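# Secondary and tertiary structure notes
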Amino acid sequence: TGVQTCALPICAALTSGGIVLVKGTTGLDERTGLLSIRAEGVWSLEQVRELALVEIVLELPSRTRDPRIADSLKHLLKPYTHGDTKVSLRILNEDGASVDIALGASWNVKPEAALLESLLTFAGEEAVEYVYHPNRLADDPPRRTDSKAA
């Protein structure tokens, strides 16, 4: 029987019942023949968003000229501002060409789950793009796990 110990952030991520991202290597356990993972780092989905989500792009058709859209978007974003994640609007024309317009640093957001759900409702699933920077996770110090045999 093996005794497993892990650092508190990893245990919290693994017992949260949510989605986790694991960086490490896979292989077969020599004793059991089952798949094993040697984790170098474990992050909850919320931690991945916080560390590596660098931009949210909302796609809007150019025919969307309703001035209430800007007010609605401001209302959605305002409670989540003062974060590090950029927000851009991608304006599409009828010919399929597009232009991205960054909203500016004062509209950078904290990518909390409630905001992301609101943006999906506002723009639709096909119109929301998440831009991740994978090296941001590499720069985060890995959370080490120790495995000890009894």
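The sections below set out a description of the structure shown in this document. (Residues numbered from 1 in each chain as written. Predicted model: local features only at pLDDT ≥ 70, side-chain atom pairs only at ≥ 80, totals over all residues. Heavy atoms only, no water.)

## Some points on the overall build of the protein
Across its full length, the protein holds 5 helices and 8 strands. Every one of the 150 residues in the protein was classed for burial, and the buried ones make up 26%. Within the protein, counting contacts between residues at least 6 apart in sequence, those at least 24 apart form 70% of the total. Roughly 10200 Å² of accessible area belongs to the protein as shown, and the carbon and sulfur atoms make up 53% of that amount. (Helix = DSSP H or I, 4+ residues; strand = E, 2+ residues; numbered from the N terminus. Buried < 20%, exposed > 50% of the residue type's maximum accessible area, 1.4 Å probe, protein only. Contact = heavy atoms within 4.5 Å. Areas by Shrake-Rupley, 256 points an atom, 1.4 Å probe, with all protein chains shown as cover.)

## Focus: the nonpolar core
By size, the foremost hydrophobic cluster in this structure holds 15 residues, and its most contacted members are I56, L58, L73, L77, V109, L115 and L119. If you tally residues by element for this core, the top one is strand β4 (residues 53–61), at 4 residues. The contacts of V109, once residues within four sequence positions are left out, are I56, L77, Y80, T81, G83, D84, T85, V87 and L115. (Core = buried A, V, L, I, M, F, W, Y, C linked by side-chain atoms within 4.5 Å.)

## Here we look at the pairing of β4
Pairing between β4 and strand β7 (residues 128–132): 5 bridges, direction antiparallel. When the sheet's bridge partners are listed, I56 is paired in β7 with Y130. Here 7 bridges tie β4 to strand β5 (residues 81–92), and the two strands are oriented parallel to one another. Along β5, the bridge assignment pairs L58 with L89. (Pairing = 2+ DSSP bridges.)

## Some points on the side chain of N108
The residue N108 is located in the loop between β6 (98–102) and α4 (113–123) in this model. Given a relative accessible area of 12%, N108 falls into the buried group. Setting aside residues up to four positions removed in sequence, N108 forms contacts with Y80, T81, H82, G83, D84, T85, K86 and V87.

## Notes on the sheet that holds β4
The 4 strands are arranged β6-β5-β4-β7 in an open sheet whose pairing can be described as mixed. Each edge of the sheet is formed by a strand with only one pairing partner; in this case those strands are β6 and β7. Across the sheet, the axes of successive neighbouring strands diverge by a mean angle of 25 degrees, strand direction being ignored. Across the sheet, α4 lies against β4 and β7, angled at about 140 degrees from β7, the strand it touches most. (Axes fitted to C-alpha atoms, helices over the stretch in contact; angles between N-to-C directions.)

## Here's the deal with the packing of helix α3 (residues 68–77) against α4
Interhelical geometry of α3 versus α4 gives an angle of 165 degrees and a closest axis separation of 10 Å. When the axes of α3 and α4 are compared, the pair comes out roughly antiparallel. Of the two possible hands of crossing, α3 and α4 adopt the one that is right-handed. Contacts from I69, S72, L73, L76 and L77 in α3 reach L115, S118, L119 and F122 in α4. For the contact of α3 with α4, a count of residues per class yields 7 nonpolar, 2 polar and no charged. (Parallel < 35°, antiparallel > 145°, perpendicular 65-115°, else oblique. Left-handed = near helix turned anticlockwise from the far one by under 90°. Nonpolar A, V, L, I, M, F, W, Y, C, P; charged D, E, K, R; others polar.)

## Let's talk about the packing of aromatic side chains
Summed over the entire model, instances satisfying the criterion amount to 0 aromatic pairs. Looking at K78, its charged tip hangs above the ring of W107, at a distance of 5.5 Å from the centre. (Phe/Tyr/Trp six-rings, centres within 6.5 Å; stacked < 30°, edge-to-face > 60°. Lys NZ or Arg CZ within 6 Å of the ring centre and 35° of its normal.)

## Some words on α3
The complete set of buried residues in α3 reads L73, L76 and L77. End-on view of α3: buried residues confined to an arc of 90 degrees, all on one side of the axis. Opposite the packed face of α3, turned more than 90 degrees from it, sit the exposed residues R68 and H75. Of the surrounding elements, those touching the buried residues of α3 are β4, β5 and α4. (Arc of directions from axis to C-beta.)

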